[in-house]
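# Structural features, examined
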Amino acid sequence: MDLATLLPLVGIPIIVLGFALKFNPLLVVVSAGLATGLAVGMDFALLLETFGEKFMNSRQLASIILILPIIALLEKFGLKERAQSWVAGIRSATTGRILMLYIVVRQFTCSLGLISLGGQAQTVRPLLFPMAEGAAISQYGDLPEALRDRIAAHAAACDNVALFFGEDIFIAFGAVLLMSGFLKENGISNVEPLEIGLWAIPTGLCALIIHLLRLSFLDAKIAREIAEYRTLSSTQKHTDSAGQTL
C-alpha cells in the first residue's frame, strides 16, 4: 500500500487523538477535514468553499442564529427558576424519575421522526437539567457542585441515547436510507428501509431498558452523595471550631 493511498486517511488519527486529549470537538473535526483536504491536494480556497457550502446546506448557521438567542432570552427571564419551582411543587418528582420519563418520550418521538422536539441546546440545558436539579434541591436543599455536574451529565446522556437509538427506527432517517442505498448498489436489493427500521427496534429497546436501569439507581446515588457531603461538611466544621478554640 503506497503513501498516496494512505493520505486520505490522515484525518482519522487527528480525530482519535483530538478526542482522546479532550480538545474542542468542533476544532478537532475542522482540523481533520482541512488536513485531509490538503493531503489529497485540494486547493485551499476550494477547500474553504467546500466547508462553507456544506455548512450552509446543513442549515446549522440558521439554527445557531435562531435557537441560541431565544434560549438566552428565556433563561434571562427566569425559565430555569420557573422549571425548578414547578418541579418542587410535585412531591413524587425525583431526579431519576424525571430523566426516565424524558428518555422514554424522547426516544419514542425520535422513532417517529420528530427529532427537533428535543435537543441539548433547546431542551436539556434550559428545561431538563433545571427540572432534574430542582427535584434534587427540593429533597436535599443545597447541592455540591460535583453532584450538579453529575445530574447535568445524566440529563445530556438521556437526550444523546434516546436520539441515537430512536432515529434509526425512523425509515426516512438519512442513515437508514444510506444503508439501504449502499446495499442496493452492492447487489443486495431485497432489504428495504422498513426492514432496517424494524431491525433497529430491538437495539433501541435494549438501549432504553439499560439506560432506565441506570437511572433507577440514580436517586439512591444522589442520596448517598448528599449524606457523604453533609458528613464531610460537618466534620470540617467541627475541626475548624476545634482549631479556633485551641
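To be clear, the structure that these remarks concern was listed above.
So, here's what we can say about the structure. (Residues numbered from 1 in each chain as written. Predicted model: local features only at pLDDT ≥ 70, side-chain atom pairs only at ≥ 80, totals over all residues. Heavy atoms only, no water.)

## Examining the environment of Gly 41
Put simply, the rule reads: A run of H or I in DSSP becomes a helix once it reaches four residues, and a run of E becomes a strand once it reaches two; helices and strands are each numbered from the N terminus.
With respect to the element layout, Gly 41 can be found in the loop between α3 (25-39) and α4 (44-57). Residues Gly 41 and Leu 7, 34 residues apart in the sequence, show an inter-C-alpha distance of 9.8 Å.

## Section: the nonpolar core
Where we set the bar: In plain words, nonpolar cores are sets of buried Ala, Val, Leu, Ile, Met, Phe, Trp, Tyr and Cys residues tied together by side-chain atoms within 4.5 Å. Burial classification: accessible surface area is computed with a 1.4 Å probe over protein chains only, and a residue below 20% of its type maximum counts as buried, one above 50% as exposed, and the rest as partly exposed. By the convention used here, residues are in contact when the closest approach between their heavy atoms is within 4.5 Å.
Counting 27 residues, the largest nonpolar core has Ile 98, Leu 99, Ile 103, Leu 128 and Ile 151 as its most contacted members. Listed by contribution, the elements that provide at least two residues to this core are α6 (79-88), α7 (95-111), α8 (120-140), α9 (145-166), α11 (193-216) and α12 (218-245). Among the elements that make up this core, the one with the highest residue count is α8 (seven residues). Discounting residues that sit within four places of it in the chain, Ile 98 has contacts with Val 87, Ala 93, Leu 128, Met 131, Ala 132 and Ala 135.

## Overview of the packing of aromatic side chains
Rules: Centre distance within 6.5 Å is the pairing criterion for rings of Phe, Tyr and Trp, where only the six-membered ring of Trp is used; planes under 30 degrees apart are then read as stacked, over 60 as edge-to-face, and the remainder as tilted.
Tallied over the full model, the rule gives one aromatic pair. With a centroid separation of 5.0 Å and an interplanar angle of 75°, the aromatic rings of Phe 164 and Phe 165 are classed as edge-to-face. Residue classification places Phe 164 among the exposed residues on the basis of a relative accessible area of 51%.

## A short note on helix α10 (residues 174-185)
Working note: α-helix, 3.6 residues per turn, so residues spaced by three or four point in the same direction. As a reminder, the rule being used: A helix is expected to reach a length of 1.5 Å times the quantity of its residues less one.
With 12 residues, α10 extends 16 Å from end C-alpha to end C-alpha; this agrees with the ideal 16 Å at 1.5 Å per step. Positive backbone phi, approximately 85°, marks Gly 187, located one or two places after α10.

## So, the pattern of salt bridges
Filter applied, for reference: We count a salt bridge whenever a side-chain nitrogen from Lys or Arg sits within 4 Å of a carboxyl oxygen from Asp or Glu.
Considering all chains together, one arrives at four salt bridges under this definition. The closest approach of N and O atoms between Asp 159 and Arg 106, which form a salt bridge, is 3.0 Å. In this pair, Asp 159 sits in helix α9 while Arg 106 sits in helix α7, placing the two residues 53 residues apart along the sequence. Neither residue differs from the other here; Asp 159 and Arg 106 are each classed as buried. Arg 148 is paired through a salt bridge with Asp 142; the nearest N and O atoms lie 3.2 Å apart. Ionic contacts of the salt-bridge type, sharing partners, join the residues Glu 133, Asp 142 and Arg 148 into one network.

## Let's talk about unusual backbone geometry
Look at Lys 22: it is not a glycine, yet its phi comes out positive at around 60°. According to the relative accessible area criterion, Lys 22 is exposed, its value standing at 74%.

## Considerations on the environment of Ala 121
Position of Ala 121 relative to the elements: it lies in helix α8. The class of Ala 121 is partly exposed, set by a relative accessible area of 28%. A sequence separation of 35 residues divides Ala 121 from Ala 156, and the C-alpha atoms of the two residues are 9.9 Å apart.

Note that every value here comes from positions in space, so none of it alone points to a role or purpose.
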